[in-house]
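Coordinate inspection notes
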Amino acid sequence: MLSCSSAFQRVAFSLMAPKLKPQRLHQIADTGAEQLLKKARTMSTGSSMKDAFSTYADYLNNFNEKRERVVKASRDITMNSKKVIFQVHRLSKDNKEEVLEKAGKDLEAVRDQHFSRLMKELQGTDFWKLRRAYSPGVQEYVEAATFYKFCSSGTLSTLDEINATLLPLSDPSLEPLQINILDYILGLADLTGELMRMAIGRISDGEIEFAQRICQFVRQIHRELLLVVPQMDDSYDMKSKMEVMLQSVIKIENACFSVHVRGSEYIPLLGDDAPTSYHLLGSADVE
């Protein structure tokens, strides 16, 4: 009896239990399939994002390493360009050819040994992305190249002339590195400071005419840049350099004016037969 009763209870419970319709069974099966598909998509998306971030990380690491190499090359260009400037400052009436020959070789070494390293790193859009990293070295090189050119021929090296000297260092199959106009102007602004120091030194050596030529040259640079700078974008570097340039012009003018007005107090100290000018610039005149 007990076993028959339990059997009847099981039958009763089975009859009372709710029955799932076939449609409901299909919905459950579909929901499970959708969850599996969603999980697979999530895993696939996570894997693709991981690969993308890994690619970006590799790019940033390589870019930062390249930036460090560019900064190092820029520092080497700056240091060796300063050596060229110091060499040119040794110029006098007695050693013109010797000093300029040494300075020319040093300037060529800066291009071949250090500028070439910079050019190998800067390809494509890296030229603009890394400009802040190498701009100081380029400006110093422009200053040294223009300073050497003025003291050897009395003329100013143009941007096209400077870029032409860099073309042999470029790979013919790649876009060549070209100094941009902003770095050229910033380097040209620094040139006036070196010319001011040379003018003061030449006046103390009695080379008055050379100092006056420097004065005219620096005036012309300042006058031309006064027309260009207002048309440029707001640049703190250019504004500060224009102020320093004006101070250099004033110092050269005051020195030349003092010699012109009070020349009788200075020239006799050099000797009655001492020449007051030496044509360090050759036959070219600065207009």
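Worth saying up front: this structure is predicted, and the values here are computed from it rather than measured.

Observations concerning the overall build of the protein
From N to C terminus, the protein includes 10 helices and 0 strands. Counting only residues that meet the buried cut, the protein has 38% of its 287 residues in that class. Across the protein, contacts joining residues at least 24 apart in sequence account for 79% of those joining residues at least 6 apart.

Quick word on the packing of aromatic side chains
What the rule picks out here adds up to 3 aromatic pairs. Consider the rings of Tyr59 and Phe63, whose centres lie 6.0 Å apart with planes at 25 degrees: the pair is stacked. Separated by 4 residues within a single helix, Tyr59 and Phe63 lie in helix H2 (residues 22–88), roughly one turn from each other. Relative accessible area serves as the criterion here: at 19%, Phe63 is assigned to the buried category.

A short note on helix H5 (residues 131–153)
Between its first and last C-alpha, H5 extends 31 Å over 23 residues, near the 33 Å set by a 1.5 Å rise per residue. Immediately downstream of H5, the backbone of Gly154 shows phi near 75 degrees, a positive value.

What to know about the packing of helix H7 (residues 181–204) against helix H9 (residues 236–261)
At a closest axis distance of 9 Å, the pairing of H7 and H9 adopts a crossing angle of 20 degrees. Overall, the two elements H7 and H9 adopt an arrangement that is roughly parallel. In terms of crossing hand, the pair formed by H7 and H9 is left-handed. Residue-level inspection shows Ile185, Leu186, Ala189, Asp190, Thr192, Gly193, Leu195, Met196, Ala199, Ile200 and Ile203 of H7 in contact with H9, the latter providing Asp237, Met238, Lys241, Met245, Ser248, Lys251, Ile252, Ala255, Cys256 and Val259. Residue classes in the contact of H7 with H9 are distributed as 14 nonpolar, 3 polar and 4 charged.

Quick look at the side chain of Glu140
Secondary-structure assignment places Glu140 in helix H5. You can call Glu140 buried: its relative accessible area is 10%. Excluding residues that lie within four positions of it along the chain, Glu140 makes contacts with Thr78, Ser81, Lys82 and Ile85.

A closer look at the pattern of salt bridges
Applying the stated criterion across every chain yields a total of 14 salt bridges. One salt bridge in this structure joins Lys105 and Glu101, with 3.6 Å as the shortest N-O distance. Placement of the pair is Lys105 and Glu101 together in helix H3 (residues 96–121), with a separation of 4 residues, close to one helical turn. Residues joined in a network through salt bridges with shared partners are Lys72, Asp76 and Arg117.

Here's the deal with a nonpolar patch on the surface
On the surface, Met49, Phe53 and Tyr56 cluster together to form a nonpolar patch covering roughly 370 Å² of accessible area. Here Phe53 shows up in helix H2.

Structural notes on the packing of H5 against H7
Look at H5 against H7: their axes get within 7 Å of each other, and the N-to-C directions meet at 45 degrees. In terms of axis orientation, H5 runs oblique to H7. You can see that H5 and H7 cross each other, and the crossing is right-handed. Contact residues: Arg131, Tyr134, Ser135, Val138, Gln139, Val142, Glu143, Thr146, Phe147, Phe150 and Cys151 in H5; Leu182, Asp183, Tyr184, Leu186, Gly187, Leu188, Asp190, Leu191, Glu194, Leu195 and Met198 in H7. Here the residues of the contact of H5 with H7 are counted per class, giving 13 nonpolar, 4 polar and 5 charged.

Reading the values: rules and limits
Residues numbered from 1 in each chain as written. Predicted model: local features only at pLDDT ≥ 70, side-chain atom pairs only at ≥ 80, totals over all residues. Heavy atoms only, no water. Helix = DSSP H or I, 4+ residues; strand = E, 2+ residues; numbered from the N terminus. Buried < 20%, exposed > 50% of the residue type's maximum accessible area, 1.4 Å probe, protein only. Contact = heavy atoms within 4.5 Å. Phe/Tyr/Trp six-rings, centres within 6.5 Å; stacked < 30°, edge-to-face > 60°. Expected span 1.5 Å × (residues − 1). Axes fitted to C-alpha atoms, helices over the stretch in contact; angles between N-to-C directions. Parallel < 35°, antiparallel > 145°, perpendicular 65-115°, else oblique. Left-handed = near helix turned anticlockwise from the far one by under 90°. Nonpolar A, V, L, I, M, F, W, Y, C, P; charged D, E, K, R; others polar. Salt bridge = Lys/Arg side-chain N within 4 Å of Asp/Glu carboxyl O. Patch = residues over 30% accessible without salt bridge, like charges linked within 9 Å, V, L, I, M, F, W, Y side chains within 5 Å. Areas by Shrake-Rupley, 256 points an atom, 1.4 Å probe, with all protein chains shown as cover.

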